[in-house]
Amino acid sequence: MADQTHVLFVEDDDVIREATQLALERDGFVVTAMPDGLSGLEAFRADRPDIALLDVMVPGLDGVSLCRRIRDESTVPVIMLSARADSIDVVLGLEAGADDYVTKPFDGAVLVARIRAVLRRFGHAGGGRSEEPAAPASGGILAFGDLEVDTEGMEVRRAGQPVALTPTEMRLLLEFSSAPGTVLSRDKLLERVWDYGWGGDTRVVDVHVQRLRQKIGQDRIETVRGFGYKLKA
């Protein structure tokens, strides 16, 4: 059991919670399923799962607030579950620190594929607990004005001060810093950072770029309208 991936699943609908738990367990995951946000937070602190699946609308402590609490304590990957693709809750969840989201109702195979894609980004081969992204093949410290990116130590400094990034934010910055001045499309970033082999919602990219800008400087990443983003060299 120790080498299996541990999933925390917070969902208040009994049918969805039980059916999804069974589906994930059939695929080899260990699942702790909780019906509300407060019990979900307690389970997170007690079990330290490899990944958290949080429904946006759960009682006690809603999914967005729970995501913020988890993000305050850990860089563990978080996937939000939302009933509506166009819901503002999707953006709120991403802004709270979620790494991805899945719209309900979802196909079990799609959910498993998204979970595994997130885990690959975080260095989980299938149950490992590394929360840091893999370093690129060529190491060293890259400097962009007052911003320094240590691609071997996986550390970022701005004006000499450390910048705390989530693994997804770090992978995004590594993509930009590996090709400064080059425009990277949202679709390309979805493929390289989120490991999407299919079309995805570009709001995921936009919100993460916004969060990254808040940490490394608003003018460091430039929007190229109609094309994507680029890191100023």
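See above for the structure.
> I'm lost on the environment of D72 in this one. Help?
As for its position among the elements, D72 is in helix α3 (residues 63-73). For the pair D72 and G97, spaced 25 residues apart in sequence, the C-alpha to C-alpha distance is 9.2 Å.

> In this structure, what is going on with the nonpolar core? I would like to understand it.
Soluble globular proteins: nonpolar side chains tend toward being buried together. Counting 50 residues, the largest nonpolar core has L54, M80 and F176 as its most contacted members. No other element matches the 6 residues that helix α8 (residues 203-216) contributes to this core. Beyond its immediate stretch of four places on either side in the chain, M80 contacts L54, V56, G63, V64, C67, G93, A98, D100, Y101 and V102. Listed in part, the 17 residues of the second largest apolar core include V7, F29, L53 and F122.

> Looking at this model, I keep getting lost on the sheet that holds strand β5 (residues 100-103). Mind explaining?
Within a sheet, each strand pairs with its neighbour through backbone hydrogen bonds, oriented either parallel or antiparallel. Overall, parallel pairing links the 5 strands, which are arranged β2-β1-β3-β4-β5 in an open sheet. Across the chains shown, the open sheet's two edge strands, defined by having one partner strand only, are β2 (30-34) and β5. Strand after strand, the sheet turns through a mean of 20° between neighbouring axes, direction not considered. Here 4 bridges tie strand β3 (residues 51-55) to strand β4 (residues 78-82), and the two strands are oriented parallel to one another. Looking at β4, one finds that A52 is bridged to V78. Each of β1 (6-10), β2 and β3 is contacted by helix α1 (residues 14-26), which is oriented at about 170° to β2, the strand it contacts most.

Here is what the cut-offs are and how they apply
- Residues numbered from 1 in each chain as written.
- Predicted model: local features only at pLDDT ≥ 70, side-chain atom pairs only at ≥ 80, totals over all residues.
- Heavy atoms only, no water.
- Helix = DSSP H or I, 4+ residues; strand = E, 2+ residues; numbered from the N terminus.
- Core = buried A, V, L, I, M, F, W, Y, C linked by side-chain atoms within 4.5 Å.
- Buried < 20%, exposed > 50% of the residue type's maximum accessible area, 1.4 Å probe, protein only.
- Contact = heavy atoms within 4.5 Å.
- Pairing = 2+ DSSP bridges.
- Axes fitted to C-alpha atoms, helices over the stretch in contact; angles between N-to-C directions.

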